[in-house]
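Reading the structure
The residues making up each chain are set out below.
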Amino acid sequence: MNSTSRLMKTYFGLAAILTLLVACGGGGGNGDNDSLSDTGQDARVAQMRFINIIPDGPQLQMFHSGDNSTAFTQFLDFGEGSARNNFVIGDFQFNFSYIDGQGQRITLYEETDFPLSDGDEFSFIMIGELADATLLRVDNAEFLIGLDDATADTDPQIQFVHAAVGVGPIDFYFTENGADIATATPLATVEYGANSPLFDITENPTAQLRAYPAGNTTDLLFDTGETPFARTTRDMIIATNYFGPSNSPQDSVQLLRFGSIPLDLANTNQPSSIRLHNAVADENAVDLYLDAATGTPLIAGVEFTGRSAEVVVPAQTATLVVTSAGNTANVLLTTTDTLLPGGVRRTLYVGGEGSNPDDNNNLNIGSAIASESTRDISAGVPVRLFNGATDIGSLAVYLLRPGESLESSVPNVLPMGGYTALSVVSGDFDLVILETTNQATIFGPERIIPEQGTTLTVVIRDTFGGTSPVIVDFTSEPTIGFQ
């Protein structure tokens, strides 16, 4: 999956430090810079970042605390990382952990009294399968050390990391966009679990990154197409396992880009895909068109409460048009400038009513377009929530562990047409849905037992015809392991 935007939630609070389970993997360099140092206030800070590249792993919790910094926990899904943050130098403690199906915290890696000195830059990257996850630490001299950060003007830098499980050495090419690969030379060849040195490159607004198996320029793994590299930037490019749609058997690798913050990186050699979930309560079936409701629908006849198969399409920006099945004159929804990015699976959820009798029979449609991976997760089940019900305002959706109270839990608040994805729910939970206006319970508590190796979609909708009561549908689908 090439993530389009990687959303990171940061919470503050102290977490317990647990037992070290996995030893540290090596990086390059020693993290100290003996020839250069910063002066003034800059001499008291260095840089660290934390990244989750475990291809079958759940959301990780990265706890951090330092002598001179506030403790916090950051939540990182697969392919997500923190910013390359400045930290006041001193000794630090941190760990990567997750919650298993029994609600127990499992620590994957832990550091205590880790020294951070002037001139350090450390990237802590969790890699490998969850059952055997290890830490890859990449050590560099601090970016812009010895320079005034506010006025520095330097060539950009780039570095490559190979974290794609089961994939042999990779050749990384950095060229002008469209350059003939037959005459190009790899900038780096990197084995799994290793990193290249830093390379000084030339500023280029139309550069191209490509990845191939080492010594092979036929089986393209990843192609960014035209992508900019600006002056005074440092980018880490990480190869990891790929879970998106493909027209090619060479679908095992994606590239992720981490600058001072995580950045989107296009995936031009892979297609996109789209499917439709119909929760429109007064339509027997609906059709989906790309760009205009003419000709043959892209997806036809999706029955009420049904979900279509995935349809692979070229990556593009398109208008999505939903109509009554077989009736192009009855347009239920039009979404313009909808991004269907390469390497990403997307689901269009449509709910509500096509004809609202309480509003002169006008449309009352809610929709959401969501990126949804089929990635298999070894320690939990991805859960997706969509509210397609009308006339009851926003809903508060609680997923409670057995014995947990509403008062001690934070709900997922969904307006009509609202959607949210929960990274992983491990073990049993109780589903409770409340109206936010009066806290009336409209569903639950009902015990839900997600099946390992699946995803679970919860769709809240009206009874057919647009009448009460509210109904909750559950859709379970198999996930796909990495190759």
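Residues numbered from 1 in each chain as written. Predicted model: local features only at pLDDT ≥ 70, side-chain atom pairs only at ≥ 80, totals over all residues. Heavy atoms only, no water.

Observations regarding the environment of Gln61
- Checked against the element boundaries, Gln61 lands in strand β4 (residues 60-66).
- Gln61 sits 35 residues away from Phe96 along the chain, and the two C-alpha atoms are 5.7 Å apart.
- The contacts of Gln61, once residues within four sequence positions are left out, are Thr73, Gln74, Phe75, Asn95, Phe96, Ser97, Ile99 and Arg105.
- Among the polar contacts listed, one links the side chain of Gln61 to the side chain of Arg105, at a separation of 2.8 Å. (Helix = DSSP H or I, 4+ residues; strand = E, 2+ residues; numbered from the N terminus. Contact = heavy atoms within 4.5 Å. Polar contact = N/O pair within 3.5 Å; in protein donor to acceptor, adjacent residues only side chain to side chain.)

Regarding the packing of aromatic side chains
- Summed over all chains, the structure comprises 19 aromatic pairs.
- Plain terms: the ring middles of Phe443 and Phe474 are 6.4 Å apart, the flat faces sit at 50 degrees to each other, and that makes the pair tilted. Placement of Phe443 in strand β34 (residues 441-448) and of Phe474 in strand β36 (residues 467-478) is noted, with a sequence separation of 31 residues between them.
- Classification of Phe443 by relative accessible area gives buried; the value is 16%.
- Under the relative-accessibility criterion, Phe474 is labelled partly exposed at 35%.
- Following the ring pairs from residue to residue traces out a cluster consisting of Phe50, Phe94, Phe96, Tyr109, Phe114, Phe122 and Phe124.
- Here the basic side chain of Arg257 rests over the ring of Phe229, its NZ or CZ set 4.2 Å away from the ring centre. (Phe/Tyr/Trp six-rings, centres within 6.5 Å; stacked < 30°, edge-to-face > 60°. Buried < 20%, exposed > 50% of the residue type's maximum accessible area, 1.4 Å probe, protein only. Lys NZ or Arg CZ within 6 Å of the ring centre and 35° of its normal.)

Side note on the side chain of Glu435
- Counting through the fold element by element, Glu435 comes out in strand β33 (residues 429-435).
- Within the buried core, Glu435 has no salt-bridge partner, and the shortest N-O distance to an opposite charge, that of Arg461, equals 16 Å.
- Once you skip the residues sitting within four places of it in the chain, Glu435 turns out to touch Ile392, Ser394, Leu395, Ala440 and Ile442. (Lys, Arg positive; Asp, Glu negative; His and termini not counted. Salt bridge = Lys/Arg side-chain N within 4 Å of Asp/Glu carboxyl O.)

Considerations on unusual backbone geometry
- For the bond running from Gly444 to Pro445, omega is 5 degrees, close enough to zero to count as cis.
- In this fold, Pro445 is placed in strand β34.
- You will see that Thr232, though not glycine, has its phi angle at about 60 degrees, which is positive.
- You will see that Gln439, though not glycine, has its phi angle at about 60 degrees, which is positive.
- Residue position: Gln439 is located in the loop between β33 and β34.

Quick notes on the nonpolar core
- If you look at the biggest cluster of nonpolar residues, it comprises 24 residues, and the most contacted ones within it are Met48, Phe50, Phe96, Leu108, Phe124 and Met126.
- Elements with a contribution of two residues or more to this core: β3 (45-53), β4, β5 (69-76), β7 (90-99), β8 (105-116) and β9 (120-127).
- Counting residues in each nonpolar core, the second largest holds 22 residues, with Ala164, Phe229, Ile237 and Leu255 among its members. (Core = buried A, V, L, I, M, F, W, Y, C linked by side-chain atoms within 4.5 Å.)

What about the pairing of strand β18 (residues 234-241)?
- With 8 of 8 residues buried, β18 is to be regarded as a mostly interior element.
- Where strand β11 (residues 157-162) and β18 come together, 6 bridges link them in parallel fashion. If you follow Gln159 over to β18, its bridge partner there is Met236. (Pairing = 2+ DSSP bridges.)

Thoughts on the sheet that holds strand β22 (residues 285-290)
- One open sheet accounts for 4 strands, arranged β23-β22-β25-β26; its pairing is antiparallel. This sheet does not close on itself; its edge strands, each paired only once, are β23 (299-303) and β26 (327-340). Neighbour to neighbour, the strand axes of the sheet diverge by 25 degrees on average, direction disregarded.
- Strand direction decides the pairing type here: β22 and strand β25 (residues 316-324), joined by 5 bridges, are antiparallel. Along β25, the bridge assignment pairs Val286 with Ser324. (Axes fitted to C-alpha atoms, helices over the stretch in contact; angles between N-to-C directions.)

Some details on the sheet that holds β33
- The antiparallel open sheet is built from 4 strands, whose spatial order is β31-β30-β33-β34. The sheet is open, and its two edges are formed by β31 (412-414) and β34, each paired on a single side. Adjacent strand axes in the sheet meet at a mean angle of 15 degrees, parallel and antiparallel pairs treated alike.
- Inspection of the sheet shows β33 paired to β34 by 5 bridges, in the antiparallel sense. Its bridge partner being in β34, Ile433 is matched across the sheet by Phe443.

Quick notes on the confidence of the model for the protein
- Predicted confidence across the protein gives a mean pLDDT of 87, with 89% of residues reaching 70 or more.
- Confidence drops under a pLDDT of 50 for residues 1-34, and excluding neighbours within four residues, the segment shows 103 contacts in the predicted structure. (pLDDT = per-residue confidence, 0-100.)

What to know about the pairing of β4
- The buried count for β4 comes to 7 of 7 residues, which makes it a mostly enclosed element.
- Where β4 meets β5, 6 bridges bridge the pair, whose relative direction is antiparallel. Note on β5: the bridge partner recorded for Gly66 is Ser69.
- Hairpin connection from β4 to β5: 2 residues lie between these consecutive antiparallel strands.
- Inspection of the sheet shows β4 paired to β7 by 6 bridges, in the antiparallel sense.

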